[in-house]
Amino acid sequence: MTLEKRQPIPVSEAIQRCTNQALRLSQTTVDLYEAEGFILAEDIVATYDIPRFNKSPYDGFAIRSQDSEGASGAQRLAFKVIDHIGAGAVSSEVLSEREAVRIMTGAELPKGADAVVMLEQTVQTDEGFTLRKAFSQYENVSLKGEETKTEDVVLKKGQRLNAGAIAVLATFGYRNVPVFQKPSVGVIATGSELLDVEDPLEPGKIRNSNGPMIHALLKKEGIDSEIYKIQQDDFESSLAVVRTAMEQHDIVITTGGVSVGDFDYLPDIYRALDAKVLFNKVAMRPGSVTTVAVSEQTFLFGLSGNPSACYTGFELFVKPSIYRMMGALRYYPALVRAILMEDFKKANPFTRFVRAIATFDGRATTVKPSGFNKSGAVVAIAHSNAMMILPGGTRGYSMGHQVDVLLTETEYYQQDLYL
Ligand code: AMP
Ligand code: MG
């Protein structure tokens, strides 16, 4: 057997090779109430001004500002109230001199009115009220179009729909929202040592934790996945399952079998599929053997079987690729800078990604490992909200150094209330 020589590439280049792939998902529509987390497929243009009419931001009285000229504490001016409207109502009255309309928050200003006197700024009289100061034109008025004008692009194609975007879509009457489809994903755990979660343990065997973990990582992005039967380390049957999964899905994620061991069949499978291998060696730890390939318009992610490496590979390569396929404008991982709270004296030629806990302590963000951190570790993943990034090189890192941190969750980021 000849050992293929693998050329490690930098992590950033590996991510870019993934996101540079021209695999795109088609457009569809989703119900507004299901749209959160989808990527918008069209610019949304305002079809009317917001606010749509001059309206009152307070409960009070709509007046003509000119009628308040000269008012002061010594010379209060009296107004007569000729109508009373709440939000949603429109007054049919037109204001004449020293007339006012009682108006509630959100109601349209009546004709002739150009200012609102807050209730607290008035003293009630039999006919209406008096006020003690002059009001300028449009004082206390939410002006038509002050937030958004007709034809403004209010949401951009490629933006991820968050709650605010949902509110904007509702404002403009989109019950059905144009979005890009989410990918359909198949997940295949490979390894003759693997047992299913409900199987009793046997000598030499371990339970498949990667499959459920990948399923959960996808679910967090609102993506369903099909979990295939665990595959033994066998070339023919594994190839057959990968082929089936490729027919049924846009993305096939395998875990395990990407190294150069005697029973690592994924490299042979990529060869058999005549897949375009984007890379099969990344200058990172863990997961240097992570392999990404494309075949028949299907993304093949060959993640390492080591749980920490598998997790890291998902965050670094799968997730950005998914968002890129979905047409997202932004798809790179979120990085912050934090103060390292532990020494990492041993230099490493490859960039290290350490499952970590990042916390804001009221002044700065600090970061430390979330537990035992070998590539086979699984518990530390559960306690992490981030991965600290220790670039490869000839020197180690000491407590107090600033390092980049890839955020994976917002949970636990703030352990106390710093507000
Ligand atoms: P491999 O990438 O196949 O060389 O596997 C690397 C290590 O990860 C080995 O110790 C495997 O037993 C372990 N491993 C492989 N697949 C899984 C899995 N699905 N769940 C948990 N551990 C795994
Ligand atoms: Mg294996």
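Conventions used here
- Residues numbered from 1 in each chain as written.
- Chains lettered and ligands numbered in written order.
- Predicted model: local features only at pLDDT ≥ 70, side-chain atom pairs only at ≥ 80, totals over all residues.
- Heavy atoms only, no water.
- UniProt positions renumbered as here; feature names shortened; annotations may be inferred.
- Helix = DSSP H or I, 4+ residues; strand = E, 2+ residues; numbered from the N terminus.
- Rg over C-alpha atoms; globule rule 2.2 N^0.38 Å.
- Contact = heavy atoms within 4.5 Å.
- Lys, Arg positive; Asp, Glu negative; His and termini not counted.
- Charge placed at Lys NZ, Arg CZ, Asp CG, Glu CD.
- Core = buried A, V, L, I, M, F, W, Y, C linked by side-chain atoms within 4.5 Å.
- Buried < 20%, exposed > 50% of the residue type's maximum accessible area, 1.4 Å probe, protein only.
- Axes fitted to C-alpha atoms, helices over the stretch in contact; angles between N-to-C directions.
- Parallel < 35°, antiparallel > 145°, perpendicular 65-115°, else oblique.
- Left-handed = near helix turned anticlockwise from the far one by under 90°.
- Nonpolar A, V, L, I, M, F, W, Y, C, P; charged D, E, K, R; others polar.
- Pairing = 2+ DSSP bridges.
- Near = heavy atom within 4 Å.
- Polar contact = N/O pair within 3.5 Å; in protein donor to acceptor, adjacent residues only side chain to side chain.
- Areas by Shrake-Rupley, 256 points an atom, 1.4 Å probe, with all protein chains shown as cover.
- 1 Å grid on protein atoms, 1.4 Å probe; cavity = no way out; pocket = protein on both sides within 12 Å on 5 of 7 lines; lining within 4 Å.
- Sits in = over half its atoms within 2 Å of the grid points.
- Arc of directions from axis to C-beta.
- Phe/Tyr/Trp six-rings, centres within 6.5 Å; stacked < 30°, edge-to-face > 60°.

As annotated in an unreviewed UniProt entry, the chain carries the name Molybdopterin molybdenumtransferase and comes from Staphylococcus ratti. Within the UniProt record for the chain, the comment given under Sequence similarities (unreviewed entry) is "Belongs to the MoeA family."

1. Comments concerning the overall build of the chain
The helix and strand tally for the chain stands at seven helices and 24 strands. Over its C-alpha trace the chain gives a radius of gyration of 31 Å, far above what one expects of a compact globule, namely 22 Å for 419 residues. Dimensions along the principal axes, computed over C-alpha positions, put the chain at roughly 100 × 50 × 40 Å. Taking all contacts inside the chain whose residues are at least 6 apart in sequence as the whole, residues at least 24 apart take part in 72%. Both charge centroids of the chain, one from 43 positive and one from 51 negative side chains, sit 7 Å from each other.

2. Quick look at unusual backbone geometry
Along the chain, Ile50 connects to Pro51 via a cis peptide bond; the corresponding omega equals -10°. For Pro51, the position within the fold is in the loop between strand 2 (44–45) and strand 3 (60–63). The step from Arg285 to Pro286 runs through a cis peptide bond, and the omega angle for that step is -5°. Mapped onto the elements of the fold, Pro286 is located in the loop between strand 17 (284–285) and strand 18 (291–295). Unusually for a residue other than glycine, Glu151 sits at a positive phi of about 85°. You can see Glu151 is positioned in the loop between strand 8 (128–131) and strand 9 (153–155). Its identity is not glycine, yet Glu296 carries a phi of approximately 50°, on the positive side.

3. Observations regarding the nonpolar core
One finds Ile214, Leu218, Ile253, Phe279, Phe299, Phe301 and Phe317 to be the most contacted residues of the largest nonpolar core, which totals 45 residues. Counting residues per element, this core draws most heavily on helix 6 (residues 307–325), at nine residues. Among all residues touching Ile214, those that are not within four sequence positions of it are Val187, Ile253, Thr255, Leu303, Cys310 and Phe314. Formed by 17 residues, the second largest nonpolar core is a distinct cluster that contains Tyr228, Leu239, Tyr270 and Leu273.

4. Observations concerning the packing of helix 4 (residues 235–248) against helix 5 (residues 266–273)
At their nearest, the axes of helix 4 and helix 5 sit 10 Å apart, and the two run at 55° to each other. Relative to helix 5, helix 4 is oriented oblique. Regarding helix 4 and helix 5, the two cross each other, and that crossing is right-handed. Contact with helix 4, carried on its side by Phe235, Ser238, Leu239, Val242, Arg243 and Met246, involves Asp268, Ile269, Ala272 and Leu273 of helix 5 and no other residues of that element. Looking at the contact of helix 4 with helix 5 residue by residue, the class counts come to seven nonpolar, one polar and two charged.

5. A short note on the UniProt feature "domain: MoaB/Mog" (unreviewed entry) in the chain
As annotated in UniProt, the feature "domain: MoaB/Mog" (unreviewed entry) corresponds to residues 186–324 in the numbering used here. As annotated, residues 186–324 comprises 37% helix and 24% strand, and the C-alpha atoms at either end are separated by 18 Å.

6. Examining the pairing of strand 20 (residues 335–340)
As paired elements, strand 20 and strand 24 (residues 402–407) share five bridges and run antiparallel to each other. Bridging across to strand 24, Ile339 finds its partner in Gln402. Examined bridge by bridge, strand 20 and strand 22 (residues 365–369) share two bridges and lie parallel to one another. Bridge pairing in strand 22 links Ile339 to Thr366.

7. Remarks on the site of ligand 1
Close contacts around ligand 1 come from 15 residues, with Glu193, Asn208, Ser209, Gly257 and Gly305 the closest. At 3.3 Å, a backbone N or O of Asn210 approaches a nitrogen atom of ligand 1. Between ligand 1 and the protein, one listed contact pairs an oxygen atom with a backbone N or O atom of Asn306 at 3.2 Å. Here ligand 1 loses 78% of its free accessible area of 490 Å² to cover by the protein chains. Cavity membership is defined here by more than half of the atoms lying within 2 Å of grid points; on that basis ligand 1 lies in the second largest pocket. The class makeup of the residues in the shell around ligand 1 is three nonpolar, 10 polar and two charged.

8. Thoughts on helix 5
Of the positions making up helix 5, those classed as buried are Leu266, Pro267, Ile269, Tyr270 and Leu273. The buried side chains of helix 5 occupy one side of the element, clustering within an arc of 160° when seen end-on. If you follow the buried residues of helix 5, they end up packed against helix 4, strand 15 (251–255), strand 16 (276–279), strand 18 and strand 19 (298–303). Positive backbone phi, at 55°, marks Asp274, one or two positions downstream of helix 5.

9. Focus: the packing of aromatic side chains
Applying the stated criterion to the full structure yields eight aromatic pairs. Geometrically, the ring pair formed by Tyr48 and Phe172 is tilted, given 4.9 Å between the ring centres and 40° between the ring planes. Of this pair, Tyr48 sits in the loop between strand 2 and strand 3 while Phe172 sits in the loop between helix 2 (163–171) and strand 10 (176–180), and the two are 124 residues apart along the sequence. Since its relative accessible area comes to 10%, Phe172 is described here as buried. A ring pair is formed by Phe279 and Phe317, whose centres lie 5.3 Å apart and whose planes are at 55°; its orientation type is tilted.

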